[in-house]
Amino acid sequence: MKIWLDGRLQDTEEARVSVFDHGLTVGDGIFETVKSVDGTPFALTRHLDRLTRSARGLGLPEPDLDEVRRACAAVLAANPLPLGRLRITYTGGLSPLGSDRGEAGTTLVVALGEAPRRPDTTAVITVPWTRNERSALAGLKTTSYAENVVALARARELGASEALFANTVGQLCEGTGSNVFVVLDGEIHTPPVASGCLAGITRALAVEWTGARETELPLSVLAEADEVFLTSTLRDVQAVHRIDDRDLPGAPGPVTAKAMRVWDERAADGIDP
């Protein structure tokens, strides 16, 4: 496999990032995960727009999007895969130990891994930890992902593929790497970005394509919802058949099944919606 680092393609065995890179020492970085299908990235423009927004929010220099596009194209061409996870990572670069940034410039890494097709349904759990909707990092896709690692490990231990968070005021927020939608009386709802959730690319398209409403919802809605589904870059639209100890028989339900069909149809219309 070849990755992009320091402005060029390199073999993974030879590519090296400094142990003093700020992305490693303090998590001072941002990233995007982009689905690739037969070597073509999906919704790349939206992902790069969000990469820029995350850089601004973290106070990093704005990435050179022309270079990022070249890097993505080069990595995809060098590593042919039918379904891939394209990872763009952009960090504060070589810096002194501590929170202060150095002056050596940023680090850009683009890598690709094979991605399996997700199952149509999955199980999720809720966790006791919260998202801080008032955090300096709220809504930014940063490499400070440790709380997601902890929550996802808990989910795996309990036979689930995702963990769902409330925010600090008890509202339904998001998963470790997904957005959550609920169906109430035939209508689709999802938490607003103000809840502290990430403005997911798949979330935005699903809202646009299905007519879902952004609604402040208590975490307890998960015990009442007729249907629940997740969205993310690699899940697309995925039904939930179990939440904690609650089974949702027949998943995907009719509203979710329609949302899945609409997603497949609209996504097939163009690779960069």
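Residues numbered from 1 in each chain as written. Predicted model: local features only at pLDDT ≥ 70, side-chain atom pairs only at ≥ 80, totals over all residues. Heavy atoms only, no water.

Caption draft 1: Seen up close, helix α3 (residues 65-78). For α3, which comprises 14 residues, the first-to-last C-alpha distance of 20 Å matches the rise-based estimate of 20 Å (1.5 Å per residue) to within 8%. Residues Val68, Ala71, Cys72, Ala74, Val75 and Leu76 constitute the buried set of α3. Where α3 begins, the capping side chain belongs to Asp64, and its oxygen is found 3.1 Å from the backbone nitrogen of Asp66. (Helix = DSSP H or I, 4+ residues; strand = E, 2+ residues; numbered from the N terminus. Expected span 1.5 Å × (residues − 1). Buried < 20%, exposed > 50% of the residue type's maximum accessible area, 1.4 Å probe, protein only. Polar contact = N/O pair within 3.5 Å; in protein donor to acceptor, adjacent residues only side chain to side chain.)

Caption draft 2: Just unusual backbone geometry, in detail. The step from Ala251 to Pro252 runs through a cis peptide bond, and the omega angle for that step is 0 degrees. Turning to its location among the elements, Pro252 is positioned in the loop between β15 (246-247) and α6 (254-269). Of note, the phi angle at Asp185 is positive, near 50 degrees, even though the residue is not glycine. Along the polypeptide, Asp185 turns up in the loop between β10 (179-184) and β11 (187-190). For Asp185, a relative accessible area of 76% gives the class exposed.

Caption draft 3: Looking closely at the pattern of salt bridges. On inspection of all chains with the given rule, the structure shows 12 salt bridges. Salt-bridge contacts for Asp11 lead to Lys2; the nearest nitrogen and oxygen are separated by 2.5 Å. When its relative accessible area of 33% is taken as the criterion, Lys2 is described as partly exposed. The closest approach of N and O atoms between Glu208 and Arg46, which form a salt bridge, is 3.5 Å. Of this pair, Glu208 sits in helix α5 (residues 201-210) while Arg46 sits in helix α2 (residues 44-58); the two residues are 162 residues apart in sequence, bridging distant segments of the chain. Ionic contacts of the salt-bridge type, sharing partners, join the residues Arg117, Arg118 and Asp120 into one network. (Salt bridge = Lys/Arg side-chain N within 4 Å of Asp/Glu carboxyl O.)

Caption draft 4: Structural view of the sheet that holds strand β4 (residues 40-41). Spatial strand order, β2-β1-β6-β5-β3-β4: six strands in an open sheet with antiparallel pairing. Across the chains shown, the open sheet's two edge strands, defined by having one partner strand only, are β2 (8-11) and β4. With two bridges joining them, strand β1 (residues 2-5) and strand β6 (residues 107-114) adopt antiparallel strand pairing. Bridge pairing in β6 links Leu5 to Val109. Sheet strands touched by α2: β3 (29-37), β4 and β5 (83-91). Its angle to β3, the strand with the most contacts, is close to 175 degrees. (Pairing = 2+ DSSP bridges. Contact = heavy atoms within 4.5 Å. Axes fitted to C-alpha atoms, helices over the stretch in contact; angles between N-to-C directions.)

Caption draft 5: Up close: the packing of α5 against α6. The N-to-C vectors of α5 and α6 enclose an angle of 105 degrees; their axes lie 10 Å apart at closest approach. Classified by the angle between their axes, α5 and α6 sit roughly perpendicular to one another. Across from Thr202, Leu205, Ala206, Trp209 and Thr210 in α5, the residues of α6 making contact are Ala259, Val262, Trp263, Arg266 and Ala267. Here the contact of α5 with α6 is built from residues that sort into seven nonpolar, two polar and one charged. (Parallel < 35°, antiparallel > 145°, perpendicular 65-115°, else oblique. Nonpolar A, V, L, I, M, F, W, Y, C, P; charged D, E, K, R; others polar.)

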